[in-house]
Amino acid sequence: MKTGLRAPLIAGNWKMHGALAESHALVEAVRDGAASMSARVLLCPPSVYLTSVAGWLQGSRIALGAQDLSEQTGSGAFTGEISGRMLKDAGCEYVIVGHSERRALFGDTDARVAAKFLAAQFAGLVPILCVGETLEQREQGRTQAVVSGQVQAVLDAAGVDALEQAVIAYEPVWAIGTGLTASPVQAQEVHAMIRAMVAALNDTIASGLTVLYGGSVKGGNAGELLAMDDIDGGLIGGASLKADEFLAICGAASI
Ligand code: 13P
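Model, not experiment: these values are computed from the prediction.

Cut-offs and rules
- Residues numbered from 1 in each chain as written.
- Predicted model: local features only at pLDDT ≥ 70, side-chain atom pairs only at ≥ 80, totals over all residues.
- Heavy atoms only, no water.
- Helix = DSSP H or I, 4+ residues; strand = E, 2+ residues; numbered from the N terminus.
- Rg over C-alpha atoms; globule rule 2.2 N^0.38 Å.
- Buried < 20%, exposed > 50% of the residue type's maximum accessible area, 1.4 Å probe, protein only.
- Contact = heavy atoms within 4.5 Å.
- Areas by Shrake-Rupley, 256 points an atom, 1.4 Å probe, with all protein chains shown as cover.
- Lys, Arg positive; Asp, Glu negative; His and termini not counted.
- Charge placed at Lys NZ, Arg CZ, Asp CG, Glu CD.
- Near = heavy atom within 4 Å.
- Polar contact = N/O pair within 3.5 Å; in protein donor to acceptor, adjacent residues only side chain to side chain.
- Nonpolar A, V, L, I, M, F, W, Y, C, P; charged D, E, K, R; others polar.
- Expected span 1.5 Å × (residues − 1).
- Axes fitted to C-alpha atoms, helices over the stretch in contact; angles between N-to-C directions.
- Left-handed = near helix turned anticlockwise from the far one by under 90°.

K.L.:
What exactly am I supposed to notice about the overall build of the protein here?
P.N.:
Secondary structure summary: the protein contains 11 helices and eight strands in total. On C-alpha atoms alone, the protein measures out to a radius of gyration of 17 Å, which is about the 18 Å that the 2.2 N^0.38 rule sets for 255 residues. Projected onto its principal axes, the C-alpha coordinates of the protein cover approximately 45 × 45 × 35 Å. Looking at the protein as a whole, 53% of its 255 residues qualify as buried. Partitioning the intrachain contacts of the protein with sequence separation of at least 6 by distance along the chain shows that 73% fall at a separation of at least 24. With an accessible surface of roughly 11000 Å², the protein has 54% of that area assigned to carbon and sulfur atoms. Side chains of the protein give 17 positive and 26 negative charges; the mean places of these two sets differ by 2 Å.

Set out below in structure tokens:
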């Protein structure tokens, strides 16, 4: 079992799901069920629910995160945007940046993702940097090139020291919401490559870096993924919307 800086972290990314009443019930169930578990647990609800979820989580060990933020660090005429400072005010400790859905659907380029990463840290938030290849890229044998390029864009902008206060999530696009999961060996291969890339710049930061796996993680496959040397937890989509399934994953990370 990994301990210390790399104690398992299970993060639920609710995406654009739920309504207030069902979110409340989900938070209560997760909070009660996770109370006796050792894994670090994090919930990332839609931004409009952050303040409510923060209230429901009070007194628990569960952390709060957002799903995205503006790359703007100040305030200004940016209709619809939410700054890192606002997320911090709402009780967030973490924020996801560069999720593949934002990259594919909302124009988040490597450069914008790097700017969001910097904006998160500027506000005192821990960015969870998502990286991952599409099925086509994997079939072309470009997985390592794509993932290392996505990590490098952030290293170029922020420097390796910034990874001391960050999390990386490897989420193969072909495994997200599809029921297909990377095998533990496939995932480990990419996680090890990410850690080696960071280790080439700073060994200490690399060995303390939490690298999550995401893509169709469920109670039934979490244990074998978490058993791999370089997999330090999970970023959970669909299964984070069902308390019993999410708690089964948290339980697998708490052994
Ligand atoms: P699923 O767990 O639904 O595959 O989603 C993974 C994900 O995108 C988490 O950010």
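Next comes the rest of the write-up.
K.L.:
Just to check I follow, could you spell out the site of the ligand for this structure?
P.N.:
Around the ligand sit Asn13, Lys15, His99, Glu171, Ala175, Ile176, Gly177, Gly215, Ser216, Leu235, Gly237 and Gly238, and that is every residue in its neighbourhood. Within the side chain of Asn13, one N or O atom sits 3.0 Å away from an oxygen atom of the ligand. Between the ligand and Glu171 there is a distance of 3.0 Å, counted from an oxygen atom to a side-chain nitrogen or oxygen. For the shell around the ligand, the class distribution of residues is three nonpolar, seven polar and two charged.

K.L.:
Explain helix H5 (residues 110-122) to me, please; I cannot follow it from the model alone.
P.N.:
Note on helix geometry: an α-helix contains 3.6 residues per turn, so any two residues three or four positions apart are oriented the same way. Under the 1.5 Å per step criterion, the end-to-end length of H5 is 18 Å for 13 residues, consistent within 8% with the ideal 18 Å. The first or second residue beyond H5 is Gly124, which carries a positive phi of 85°.

K.L.:
When you look at the packing of helix H7 (residues 143-158) against helix H8 (residues 184-199) in this model, what are you seeing that I'm missing?
P.N.:
Think of two packed helices as two axes; the pair is described by the angle between the axes and how far apart they sit. At their nearest, the axes of H7 and H8 sit 10 Å apart, and the two run at 35° to each other. Classified by chirality, the crossing of H8 by H7 is right-handed. On H8, the residues that touch Thr143, Gln144, Val147, Ser148, Val151, Gln152 and Leu155 of H7 are Glu189, Val190, Met193, Ile194 and Met197. Of the residues assigned to the contact of H7 with H8, the class counts are seven nonpolar, four polar and one charged.

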